[in-house]
Amino acid sequence: MGCSCDKNINCNNGEECPCGLSLKLYNSSGDLLETLSGYGYSIGDENYFQFEQGITFPTGTLLMSYNDSLARWELTHNDNSLYLPDTSMLFGTYTTDALCPDTDCDLDLSCNTLEFQFVGASVGGIEWQGDMYNGKKLYRFNTDDYPGSPNWENCIIYWGNNLTMQNNNGISTNRWLFVILGIYTLETIPFPLEQLDGTDPGAEMNLLGYLDDPSLECSNGQFQPPSTDGFPPRVTTVPEGPQGYTGEVDKVECECCDEQISVTVLLLNIEYDFIIDVAKDLNDNVLGFNGKQYYSFTYNLPGAPVPNPTYYIYFNGNEWVVNDSLAVPGGEIHENGGSGDCPYGFYSKSTWDESIIQIKGVECFDCCDYYTPRFTNFIRKQRAILVDDTSYIKRKEVFGMKCGGDWEDIFRKHLIIDTLSCLPYGVLCEEQEECLIENLYKNCNC
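Rules used throughout
- Residues numbered from 1 in each chain as written.
- Predicted model: local features only at pLDDT ≥ 70, side-chain atom pairs only at ≥ 80, totals over all residues.
- Heavy atoms only, no water.
- Helix = DSSP H or I, 4+ residues; strand = E, 2+ residues; numbered from the N terminus.
- Buried < 20%, exposed > 50% of the residue type's maximum accessible area, 1.4 Å probe, protein only.
- Contact = heavy atoms within 4.5 Å.
- Areas by Shrake-Rupley, 256 points an atom, 1.4 Å probe, with all protein chains shown as cover.
- Pairing = 2+ DSSP bridges.
- Axes fitted to C-alpha atoms, helices over the stretch in contact; angles between N-to-C directions.
- Disulfide = S-S within 2.5 Å.
- Core = buried A, V, L, I, M, F, W, Y, C linked by side-chain atoms within 4.5 Å.
- Phe/Tyr/Trp six-rings, centres within 6.5 Å; stacked < 30°, edge-to-face > 60°.
- Salt bridge = Lys/Arg side-chain N within 4 Å of Asp/Glu carboxyl O.
- Expected span 1.5 Å × (residues − 1).
- Arc of directions from axis to C-beta.
- pLDDT = per-residue confidence, 0-100.

Attention now moves to the overall build of the chain. On a plain count of helices and strands, the chain comes out with four helices and 26 strands. Out of the 446 residues in the chain, the part that is buried amounts to 43%. Put simply, of all contacts in the chain between residues at least 6 apart along the chain, 49% involve residues at least 24 apart. Accessible surface for the chain amounts to roughly 23,800 Å². Of this, 49% is attributable to carbon and sulfur atoms.

Now the structure itself:
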């Protein structure tokens, strides 16, 4: 399995992920297959994340968005030619009310969409609505939503048993069943289903077919009629999309905004990326506006006026906005509602063909630029000792001798010295630093 569930549960449901997501997909052997970067954008009040194409999905678009009615994040693959007659397929689900779908272990990539076939022809996809029964997924649907199939209402596919199947076929263990409920609707299915025996008028559960394999994890196959003298098999379901994957979703860190920021612009479905500098005067002093620094860039995309206009990203006193002028208040063309020190987040615009999708930071400068290492004499001495130990091992290995230390110990000490020489501020506390120092001449576990 790719996910080890070794992280603490993150209960901060109010924390958003304004700088995007990273999706890791593992194959059935637990090997990391690919890592896909996802940027975010906003349409109206809804946030979406779109991931780059990769091995698993080389065509179409892979989107993650929130489904309010089912209280879950949904990972959907959209392809106008791949999923016919549908144009999209529900690939993954993550049931949570968190504002950021950051999860190591709860991303469900198994059997979320069934391809529904009637008399050998595909008539549409059945999406899982979140119901579980007997430890497996239960699917609710009406076949009148699928042109080319009979008008069957209140259908369910679930893992269980049925009196008709027992009486007609002698099968007493669970199977995947395709049933039509009588007076019950998809919202009022009574549980347990095994108690529906038809004794109440109109409350029967009609068994249309079952899958004979008792070991299937997904409803995958041709449903056999409940009796040998019934109709020939007419209904088949096939799990749609890639199967056998596990996945993790990680929040992308926003990095730094003190010198530059990264802006992604979508124009007619083509993505353009800018690296934008903070505004400075002739003496290289950072300029401010409404108490925060601001940024400017030249809009030199296809179709832009000539000469290309200059846009400003600034804080207007209430939120971060994008405008073509600092002097004209109220003329903002993009806004995101944020008021932090950095303009991170999704920026919305009323049109669909163009929007600033996302603003995030750039990689922070190296720690050695601002950290002065402590214990410099000690580090210099240990570095000299390390050189002597390395030379000693080399001389011994020429004659095939293995005594006097090993290369693993040399590498360990080299990493410790390198860390102490450029200590990232705020990453190691004083106790950790002291432990690393002690580990240069003792065997201890930090």
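Text resumes after the structure shown.
On to the pairing of strand 16 (residues 246-251). By the criterion of burial, strand 16 is predominantly enclosed, with five of the six residues buried. Relative to strand 16, strand 1 (residues 21-26) is paired through six bridges, and the arrangement is antiparallel. Its bridge partner lying in strand 16, Leu21 is registered against Lys251.

The next point concerns the sheet that holds strand 11 (residues 155-160). Strands sit in the order 9-10-11-12-13 across an open sheet of five strands; the sheet is antiparallel. Looking at which strands have only one partner, the edges of the open sheet turn out to be strand 9 (131-133) and strand 13 (205-211). Within the sheet, the average angular offset between the axes of one strand and its neighbour, ignoring direction, is 30°. Of the strand pairs in this sheet, strand 10 (residues 136-141) and strand 11 are connected by three bridges, and their pairing is antiparallel. When the sheet's bridge partners are listed, Arg140 is paired in strand 11 with Ile156.

The next thing to look at is the state of the cysteines. Per the counting criterion, the structure on display carries three disulfides. The disulfide partner of Cys19 is Cys254, and the gap between their sulfur atoms is 2.0 Å. Disulfide Cys19-Cys254: the torsion about the S-S bond is 105°, which places it as right-handed. Here Cys254 lies in the loop between strand 16 and strand 17 (256-267) and Cys19 lies in the segment before strand 1, a separation of 235 residues in the sequence. Cys254 carries the same exposure label as Cys19, and that label is buried.

The next point concerns unusual backbone geometry. Within the chain, Asn154 stands out as a residue other than glycine whose phi angle is a positive 55°. Here Asn154 lies in the loop between strand 10 and strand 11. Relative accessible area serves as the criterion here: at 12%, Asn154 is assigned to the buried category. Although it is not a glycine, Asp284 adopts a positive phi angle of roughly 70°.

Moving on, we get to the nonpolar core. Note that soluble globular proteins tend to have their nonpolar side chains buried in a common cluster. Counting residues in each nonpolar core, the largest one holds 25 residues, and the members touching the most others are Ile261, Val263, Ile276, Tyr295, Tyr299 and Ile313. For this core, the secondary-structure elements that each account for two or more residues are strand 17, strand 18 (270-277), strand 21 (295-298), strand 22 (310-315), strand 23 (320-323) and strand 26 (354-362). Broken down by element, the residue count for this core peaks at five residues, all from strand 17. Once residues within four sequence positions are removed from consideration, Ile313 is found in contact with Ile261, Val263, Ile276, Tyr294, Tyr295, Phe297, Trp320, Val321, Val322, Pro343, Tyr347 and Ile359. Judged by nonpolar contacts, the second largest core, of 22 residues, contains Cys155, Ile157, Trp159 and Cys218.

In this description, a pair of aromatic rings is defined by centroid distance and the angle of the planes. Taken as a whole and assessed by the stated rule, the structure comprises 22 aromatic pairs. Measuring from ring centre to ring centre gives 5.4 Å for Phe116 and Tyr146, while their planes differ by 70°; the resulting arrangement is edge-to-face. One end of the pair, Phe116, is in strand 7 (residues 113-118); the other, Tyr146, is in the loop between strand 10 and strand 11, with 30 residues separating them in the sequence. Both residues of the pair, Phe116 and Tyr146, belong to the buried class. Note on Trp152 and Phe178: the rings are 6.1 Å apart at their centroids and 75° apart in plane angle, and the pair reads as edge-to-face.

Attention now moves to the pattern of salt bridges. Counting across every chain of the model gives eleven salt bridges. The salt bridge partner of Glu217 is Lys136, with a shortest N-O separation of 3.9 Å. Of this pair, Glu217 sits in the loop between strand 13 and strand 14 (221-222) while Lys136 sits in strand 10; the two residues are 81 residues apart in sequence, bridging distant segments of the chain. On the basis of relative accessible area, Glu217 is assigned to the exposed category, the value being 59%. Using a relative accessible area of 12% as the deciding quantity, one classes Lys136 as buried. Ionic contacts of the salt-bridge type, sharing partners, join the residues Glu259, Lys280 and Asp284 into one network.

This part is about the sheet that holds strand 21. The four strands lie next to each other as 21-22-23-24, forming an open sheet whose pairing is antiparallel. Only two strands of the sheet have a single partner each, and these edge strands are strand 21 and strand 24 (334-335). Sheet topology places strand 23 next to strand 24; two bridges connect them, and they run antiparallel. Residue Val322 lies in a different strand from strand 24, and its bridge partner there is His334.

Given a rise of 1.5 Å per residue, 15 residues ought to cover 21 Å, and the 21 Å separating the end C-alpha atoms of helix 3 (residues 407-421) matches this to within 8%. What helix 3 keeps buried is the set Ile410, Lys413, Ile416, Ile417, Leu420 and Ser421. All buried residues of helix 3 project into a common sector of 130° when viewed along the axis, lining one side. Counted as exposed and oriented over 90 degrees from the buried face of helix 3: Glu408, Phe411 and Leu415.

This brings us to the environment of Cys19. The class for Cys19 is buried, based on a relative accessible area of 1%. Cys19 sits 340 residues away from Ile359 along the chain, and the two C-alpha atoms are 7.0 Å apart. With residues up to four places along the chain from it excluded, the contact list for Cys19 reads Val252, Glu253, Cys254, Tyr344, Gln358, Ile359 and Lys360.

Turning our eyes to something else, we now look at the confidence of the model for the chain. In this model, the chain carries an average pLDDT of 80, and 81% of its residues clear a pLDDT of 70 or more. Across residues 1-12 the pLDDT falls below 50, and counting only partners more than four positions away or on other chains, this stretch makes 13 contacts in the model.

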